[in-house]
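Residue strings, one per chain:
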Amino acid sequence: MKIQAIRGVKDIMPDEVEKWRWVENKADQVFTRYGFKEIRLPIFEKTKLFSRGIGETTDIVEKEMYTFEDRGGEKVTLRPEGTASVVRAFIEHKMYASQTVHKFYYLGPMFRYERPQAGRFRQFYQIGVEAMGSHNPSIDAEVMTMLMDFFNILGLNQFELQINSLGCDKCRPEYREALKKSITSHLSDLCENCNKRYQKNPLRVLDCKVERDIEIASGLPKITEHICNECKYHFEKVQALLSEAMVPYSINSRLVRGLDYYTHTAFEIISDELGAQNAICGGGRYNTLVEEFEGPSTPCFGFALGLERLIFLVPFDKVEGIENNPDVFVVPLGEEAESRVFNLIHQLRSGGLSVERDYDGGSMKSQMRKANKSASRFALIIGENEIKSGNYQLKNMQDGKQSNITAASCVEEIKTLINKKI
Ligand code: HAM
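Now for a description of the structure that goes with this document. All of these numbers come straight from a predicted model, not from anything done at the bench. (Residues numbered from 1 in each chain as written. Predicted model: local features only at pLDDT ≥ 70, side-chain atom pairs only at ≥ 80, totals over all residues. Heavy atoms only, no water.)

Considerations on the sheet that holds strand E13 (residues 355-357)
Taken in spatial order, the 5 strands make up an open sheet running E13-E12-E14-E15-E16, and their pairing is mixed. Edge positions in the open sheet fall to E13 and strand E16 (402-406), since each of these has one partner strand only. Direction aside, neighbouring strands of the sheet carry axes that sit 30 degrees apart on average. Note: strand E12 (residues 328-332) against strand E14 (residues 378-382), 5 bridges, orientation parallel. Each bridged residue has a counterpart across the sheet, and for Val331 the counterpart in E14 is Ile381. On the sheet, helix H15 (residues 410-418) packs against E12, E14, strand E15 (391-396) and E16 and is oriented at approximately 135 degrees with respect to E16. (Pairing = 2+ DSSP bridges. Helix = DSSP H or I, 4+ residues; strand = E, 2+ residues; numbered from the N terminus. Axes fitted to C-alpha atoms, helices over the stretch in contact; angles between N-to-C directions. Contact = heavy atoms within 4.5 Å.)

Next comes the structure, spelled out in structure tokens:
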């Protein structure tokens, strides 16, 4: 019976994992500088957390969640995103009690039953951050600036930061009505999906991808022209701070995001190099979500980026030090040598070196071919002559130079040569 991976779900093979780990380490370095600490969250939660948190009428909740009943009859869902879980953990662990801004980051798989295509998967990985506990627009600007630092370190340069304001509970209902009124005259021209959205979630009409609808949406009222003074001030301040930090951005008044919890600033970073699924990252402010889950009023700002999409964009050919090639490839020739190498390799590895060998043995030629293939820095050749003379041969695989190395002290000598501090 041949079993293959589930559609929209893929393996990340070891060569790829090296790249992933490099990117993840860079994220950790940059985010730590900005005060974010890693939080590890469950991969599944009670379904209610997501349906209420993300919004009952969103595509994610209506069509995309992996939901099932566990053996105890509880309805649970594989997490489609991380924000709702962070909010739950924040309340559950009473983090609000310390009255400071809490900054979390998380990394891991998310699950959405979407139609798989290039850059869109059913299990995909996100790195997300959430800053919880401040209204200050500096948080919005700082988090977006942090992303720019991160992308810069990764060597990314073909992307665009788009921002918008989605208003607040006070001004959005009025805008919603104005928008609905204006959409009414276009209903027969809008797609079937938008006709449904018009009823339940008219703001989503603005980010429909159907060409004719995009045209219509460009003529609809803009939210930034309807937001209250408080929201306007916040949005202007965010823009001023981004400009101060020399972060290029554009305002996209059709940017509404696919999750319902946003208030004030919303943003996305997109790249033309990604094709149709062009969003590397998305996020914004969500000032009421903690309260909706019966926590104290806690203004928050965060984002999540899609790791598959980000990694696709990183120019790894320009990055040094990603490969984890062995330091030494040990080549035993003959029985006597073979009986020595097990312990020698153990000592080299215990000493902190990465060591490989050819477990099948074979001729010098075939073992050296494998040494070459492994891209090790050195090959340590041990044959009968070497054992008799008490000197092994150490071949530098880059320049081909070969030198004698004293058998009795070879572990120390190789360690010094490779210059690794253990
Ligand atoms: P989101 O826009 O749904 O936001 O997802 C963030 C990013 O995850 C997207 O920009 C994209 O790169 C990636 N992504 C989403 N779906 C897929 C998929 N099916 N396949 C591959 N990549 C995908 C959120 O999830 C919010 N929780 C972000 C947030 C955090 N807002 C505030 N805090």
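Overview of the packing of helix H12 (residues 335-350) against H15
Packing of H12 against H15 brings their axes to within 10 Å, and their N-to-C directions diverge by 40 degrees. As summarised for this structure, H12 and H15 are arranged oblique, according to the angle between their axes. Here the hand of the crossing between H12 and H15 comes out right-handed. Across the interface between the two elements, Leu344, Gln347 and Leu348 of H12 pack against Cys410, Val411 and Ile414 of H15. (Parallel < 35°, antiparallel > 145°, perpendicular 65-115°, else oblique. Left-handed = near helix turned anticlockwise from the far one by under 90°.)

Notes on helix H6 (residues 172-184)
An ideal rise of 1.5 Å per residue puts 18 Å on 13 residues; H6 measures up with 18 Å between its terminal C-alpha atoms. Along H6, the residues that are buried comprise Arg172, Tyr175, Leu179, Lys180 and Ile183. The buried side chains of H6 occupy one side of the element, clustering within an arc of 135 degrees when seen end-on. Among the structural elements, helix H7 (192-200) and strand E9 (263-270) are those in contact with the buried residues of H6. (Expected span 1.5 Å × (residues − 1). Buried < 20%, exposed > 50% of the residue type's maximum accessible area, 1.4 Å probe, protein only. Arc of directions from axis to C-beta.)

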